[in-house]
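Below, each chain spelled out in residue letters.
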Amino acid sequence: MSGKYATETLDVDEGGIARAAQILRDGGLVAVPTETVYGLAARADSDAAVARIYRAKGRPSFNPLIVHVASLEQARSLAEISPEAEQLAARYWPGPLTLVLPRRRDAGLSAAVTAGLDTLALRMPSHPAMRLLLESTGLPIAAPSANRSGFISPTSPAHVLASLDGRIDAVLDGGECERGLESTIAAVRADGSVEVLRPGPIALEAGGSSGERIEAPGQLASHYAPGKPVRLDATQVAPDDFMIGFGSVQGDCTLSARGDLAEAAARLYACLHEGARSDKPRIAIAPIPERGIGIAINDRLRRAATPAD
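All values derive from a computational prediction rather than experimental measurement.

## Here's the deal with the pattern of salt bridges
In this structure the tally under the stated criterion is 20 salt bridges. Across the pair Arg 104 and Asp 106 runs a salt bridge, and its minimum N-O distance is 2.9 Å. We classify Asp 106 as exposed; its relative accessible area is 52%. As a salt-bridge pair, Arg 282 and Asp 241 come within 3.1 Å of each other at their nearest N and O atoms. Here Asp 241 lies in strand E13 (residues 241–245) and Arg 282 lies in strand E15 (residues 282–285), a separation of 41 residues in the sequence.

Shown next, in the form of structure tokens:
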């Protein structure tokens, strides 16, 4: 099969979780639903397993991974958690918040997880399937989005298979993701200050990223790309546009006809996938208000519209 192999589809039941857990323990790759997007899971303590993530995604080696944990106790064994970080974890975990923290020297993780940095990105997810998998394996799980690097993030099993079928061992089918937008990433600095590296579903009162270096996923200028030109803040539709609408601006695919930003976030990647599959050569997207989760939506859209180097 030219280096490819069959990708299993597993149900989210006792048998499916057990099978997925065994694949991970054996060093394999499983696409797993979270409350944000599907993640490409591998055991984070194995060099060989983490290397498979990078190969399957075609991911740059300088782009670190998020490690998912089942508990705050497990997080403490991997990173130095300051009182400020403890407060954020107590408020938002489990949930769509990733904390970038100083890595413990005895964490026992693959060096590739942190891409050579002294910090580690940690998240405690709330999705029942991912939590069951974490508890079943007892392992820290590295899980970037389950798609080819730089392309549209997946919010359904079909999205995963569109780019990774034959490259990974299995997909745990949990249906559509609830949030549809990747986690907020925040770095907790040594002085206790908090810096948002990637906006997401959780809005924090914190400083923005300086952008001087890549410390976490989703910071590349060109990302979430549908493979064709993207025009933002469009109110008029050209004949060769696939229009993604919002509110009063109608489209071939509409993020939210009622102008609901949470609904728009949940539908964003599904609409981008539909636009990528269409026979129209360009994608136009209606204006999205720059407030609340609209800030995160616009962050993803600006990166999707930025041409790759």
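The discussion continues.
## Notes on the environment of Pro 239
Along the polypeptide, Pro 239 turns up in the loop between strand E12 (230–231) and E13. Judged by relative accessible area, which is 80%, Pro 239 ranks as exposed. Separated by 63 residues in sequence, Pro 239 and Arg 302 place their C-alpha atoms 23 Å apart.

## Regarding the nonpolar core
If you look at the biggest cluster of nonpolar residues, it comprises 45 residues, and the most contacted ones within it are Leu 97, Leu 99, Leu 122, Ile 168 and Leu 204. Listing elements by their share of this core, those giving two or more residues are strand E3 (39–43), helix H2 (47–57), helix H4 (83–92), strand E5 (97–102), strand E6 (119–123), helix H6 (157–164), strand E9 (184–188) and strand E10 (194–198). The element best represented in this core is H2, accounting for five residues. One finds Met 243, Tyr 269, Ala 286 and Ile 293 within the second-largest nonpolar core, a separate group that totals 30 residues.

Each value, and the rule that gives it
Residues numbered from 1 in each chain as written. Predicted model: local features only at pLDDT ≥ 70, side-chain atom pairs only at ≥ 80, totals over all residues. Heavy atoms only, no water. Salt bridge = Lys/Arg side-chain N within 4 Å of Asp/Glu carboxyl O. Buried < 20%, exposed > 50% of the residue type's maximum accessible area, 1.4 Å probe, protein only. Helix = DSSP H or I, 4+ residues; strand = E, 2+ residues; numbered from the N terminus. Core = buried A, V, L, I, M, F, W, Y, C linked by side-chain atoms within 4.5 Å.

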